[in-house]
Amino acid sequence: MEKIPILRMGSLLLVTIQVDLYDRLAENLEADLVQTINKTGAKGVLIDISAVSIIDSFMGRIIGNIATMSKILDAETVVVGMQPAVAITLVELGLPLKGVLSALNVEKGIELLTRKIADDKEPEDADDGDSE
Amino acid sequence: MTITREVDVIPFRNRLKEYAVKVGMSLVNQTKIITAASELARNMLKYAGGGNAVIEVISKGRENGIKLIFIDKGPGIPDVKLAMKDGFSTGKSLGLGLPGTKRLVSEFDIQSEVGKGTTVTVIKWKNG
Ligand SMILES: Nc1ncnc2c1ncn2[C@@H]1O[C@H](COP(=O)(O)OP(=O)(O)OP(=O)(O)O)[C@@H](O)[C@H]1O
Ligand SMILES: [Mg+2]
């Protein structure tokens, strides 16, 4: 069965979604990621969706779940590279990706995650810039 | 096209994409109609165990568009008005599929009869 690879970069996990996911594949990714965060103690998850042309409510929910689960395991999730047409469609569909940070590209995403992780370590630094 | 398994949704979406490109839809409108189709196909799988999806190119005056018909012989929807509400779900889900789809397309029609099945017809005009 096809599987989406999860790359490890220091304390971050990087996932690049290159195919249009069907349901089982997306659910497997969710389970795999949770397991990998647990195993590696990763502090951040970066999901690159620049190649994804369709996000429907199911996919949106998977992304939301990943963010929620990561949070519970003390890791932040950033979604990067969402195509503008996808973003517009998501708004109209009425799907707010609650609790999911986003960034323009992988580089910006890593920056954001690194900052977030540093902030979490020093809670006195309360003023964090979530949005790009 | 028959849709009986979740993997069937991908070739269906690809076919729809070809039609949308042929009609000359903008990328945003392509994305909207494919997302809407994805929601309706998923409902058909989840609640009716599958069904049939038809893609048609249509025109009205100078405007071209795409019409999609999703037909299933599932359990039907007892209260369509309620099902069209944001947040209503019998599947412990977000309940976004039907109302969200309606927002994404130009025209939306749903006919459902308990015990007989459900037919959803949507139209997206090229510039709609
Ligand atoms: N083809 C269908 N046959 C029978 N019932 C349906 C069908 N499509 C939708 N429904 C009913 O209408 C409700 C609302 O559907 P809708 O797609 O809006 O939400 P959902 O599928 O429950 O959640 P989401 O689409 O956000 O994952 C469903 O929970 C289900 O009860
Ligand atoms: Mg649905």
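Colleague: Describe the packing of helix α1 (residues 9-23) of chain B against helix α2 (residues 27-48) of chain B, and please don't skip the residues or the numbers.
Modeller: Residue and element names in this part refer to chain B. Direction vectors running N to C along α1 and α2 enclose 150°, while the axes themselves pass 10 Å from each other. In terms of their interaxial angle, α1 and α2 are classed as roughly antiparallel. Here the hand of the crossing between α1 and α2 comes out right-handed. In contact with Val9, Phe12, Arg13, Leu16, Lys17, Ala20 and Val21 of α1, α2 contributes Leu27, Gln30, Ile33, Ile34, Ala37, Ser38, Ala41 and Leu45. The residue makeup of the contact of α1 with α2, split by class, is eleven nonpolar, two polar and two charged.

Colleague: I'd like to hear about α2 of chain B, residue by residue, with values.
Modeller: Residue and element names in this part refer to chain B. In a regular helix each residue adds 1.5 Å, so 22 residues correspond to 32 Å; α2 covers 31 Å between its end C-alpha atoms and thus fits that length. The element α2 is largely enclosed, with a buried count of 17 among its 22 residues. Once α2 ends, the next one or two residues include Gly49, with phi positive near 70°.

Colleague: Give me the lowdown on the packing of aromatic side chains, citing residues and values where you can.
Modeller: Residues and elements named next belong to chain B. Scanning all chains against the criterion turns up one aromatic pair over all chains. Centre to centre, the rings of Phe12 and Phe70 are 5.8 Å apart; their planes meet at 80°, and the pair counts as edge-to-face. On the criterion of sequence distance, the pair formed by Phe12 in helix α1 and Phe70 in strand β3 (residues 63-72) is long-range, its members being 58 residues apart. Each of the two residues, Phe12 as well as Phe70, counts as buried.

The rules behind each value
- Residue numbering note: each chain is counted from 1, following its sequence as written.
- Chain A is the first chain written and ligand 1 is the first ligand written, with later ones labelled in order.
- This being a predicted model, a pLDDT of at least 70 is required before a residue's local features are given, and a value of 80 or more before pairs of side-chain atoms are given or counted; all residues contribute to the totals for chains, interfaces and linings.
- Side-chain calculation: all heavy atoms of the structure are included, whereas hydrogens and water are not.
- The axes are straight lines fitted to the C-alpha atoms, using for helices just the contacting stretch, and the angles between their N-to-C directions are given from 0 to 180°.
- Going along the chain from the N terminus, every DSSP run of H or I of four or more residues is numbered as a helix, and every run of E of two or more is numbered as a strand.
- Every angle not falling under 35 degrees, over 145, or within 65 to 115 is termed oblique; those three ranges are roughly parallel, roughly antiparallel and roughly perpendicular.
- By convention the crossing between two helices is left-handed if the near helix lies anticlockwise of the far one by an angle smaller than a right angle, and right-handed if it lies clockwise.
- Only heavy atoms matter for contacts: two residues are in contact if any of them lie within 4.5 Å across the pair.
- Note that Gly is not counted as nonpolar here; it falls among the polar residues with everything else outside the nonpolar set of Ala, Val, Leu, Ile, Met, Phe, Trp, Tyr, Cys and Pro and the charged set of Asp, Glu, Lys and Arg.
- Multiply 1.5 Å by the residue count of a helix minus one, and that product is the helix's expected span.
- Any residue under 20% of the maximum accessible area for its type is buried, any over 50% is exposed, and the rest in between are partly exposed; the area is computed with a 1.4 Å probe on protein chains only.
- Stacked, tilted and edge-to-face are the three classes applied to pairs of Phe, Tyr and Trp rings, where Trp contributes its six-membered ring and a pair requires centres within 6.5 Å; stacked means planes under 30 degrees apart, edge-to-face means over 60, and tilted covers the rest.

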